[in-house]
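Descriptive analysis of the structure
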Amino acid sequence: MGFREINSKMIEATVTPGQRLFSQRGAMLAYKGEVSFTPNMQGGQGGVMSMIGRRVANEDTPLMSVEGNGTVLFGHGGHHVQVINLSGDTLCVEADRLLAFEGTLQQGTMFLGSQGGVMGMVRGQISGQGLFTTTLKGHGAVAVMAHGGVFEVPITPQRPVHVDPQAYVAHHGDVRNKLSTALGWRDMVGRGSGEAFQLELSGNGAVFVQASEEKL
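Residues numbered from 1 in each chain as written. Predicted model: local features only at pLDDT ≥ 70, side-chain atom pairs only at ≥ 80, totals over all residues. Heavy atoms only, no water.

1. A closer look at the pairing of strand E7 (residues 98-102)
Burial runs high along E7: 5 of the 5 residues are buried. Both strand E3 (residues 20-23) and E7 contribute to a ladder of 3 bridges, which runs antiparallel. By the bridge assignment for E7, Phe 22 is matched with Phe 101. (Buried < 20%, exposed > 50% of the residue type's maximum accessible area, 1.4 Å probe, protein only. Helix = DSSP H or I, 4+ residues; strand = E, 2+ residues; numbered from the N terminus. Pairing = 2+ DSSP bridges.)

As structure tokens, then:
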């Protein structure tokens, strides 16, 4: 199947019999052919645990299962859309930035900042950033959303990357993540983003960063 980029804010997906896509609810703009859209509470191939992870992440809206024979145009809120093609690796992406993905991919959840320990979890809640990130693994295409475009920043063992949590879109590769703060507790009062919080990504891979800190 795969996704074809129509412009910076819209993609076209080909739906074929026997295969399916998953999309965020409300992402369908138009379609041609015999295509059906049904709520999918389990969220792809992740099963019950994937569904529980989405609930813990306060993601109550189910994904839509897209099946049939035709083509579908996807987009959402006028946001920039970036297509990422996976070849057996794992992509970690903020759930609210996930526009659509192919059903060949296995979905799960990961705690963002897991290597940060208990303090990382507390700081994640203070920053207002979601603690859980959706994981997609296997071979297939993923479409993610962002404000103002997306830039891919390489991560190497010699040079970790520090990202504002609200500018973070997704990452892939053999990467460790740690959520930390650059300020003391007294300085963090009233601050929900910016340089007060940093998501450190180290290892070998890449991180996708959006051009704005605005939430979707």
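Now that the structure is up, let's keep going.
2. Quick word on the pattern of salt bridges
Two side chains carrying opposite charge are able to pair once their charged atoms lie near each other. Applying the stated rule across the entire model yields 1 salt bridge. Residue Glu 12 pairs with Arg 4 through a salt bridge whose shortest N-O separation is 3.1 Å. (Salt bridge = Lys/Arg side-chain N within 4 Å of Asp/Glu carboxyl O.)

3. Notes on the confidence of the model for the protein
Averaged over every residue, the pLDDT of the protein is 79; residues scoring 70 or more account for 71%. Mean pLDDT across the elements of the protein ranges from a minimum in helix H2 (residues 117-127), with 42, to a maximum in strand E2 (residues 10-15), with 96. Of the regions scoring below 50 in pLDDT, residues 46-60 engages in 22 contacts with residues more than four places distant in sequence or in other chains. Throughout residues 185-189 the model reports pLDDT below 50, and contacts reaching past four residues in sequence, or to other chains, amount to 7 contacts. (pLDDT = per-residue confidence, 0-100. Contact = heavy atoms within 4.5 Å.)

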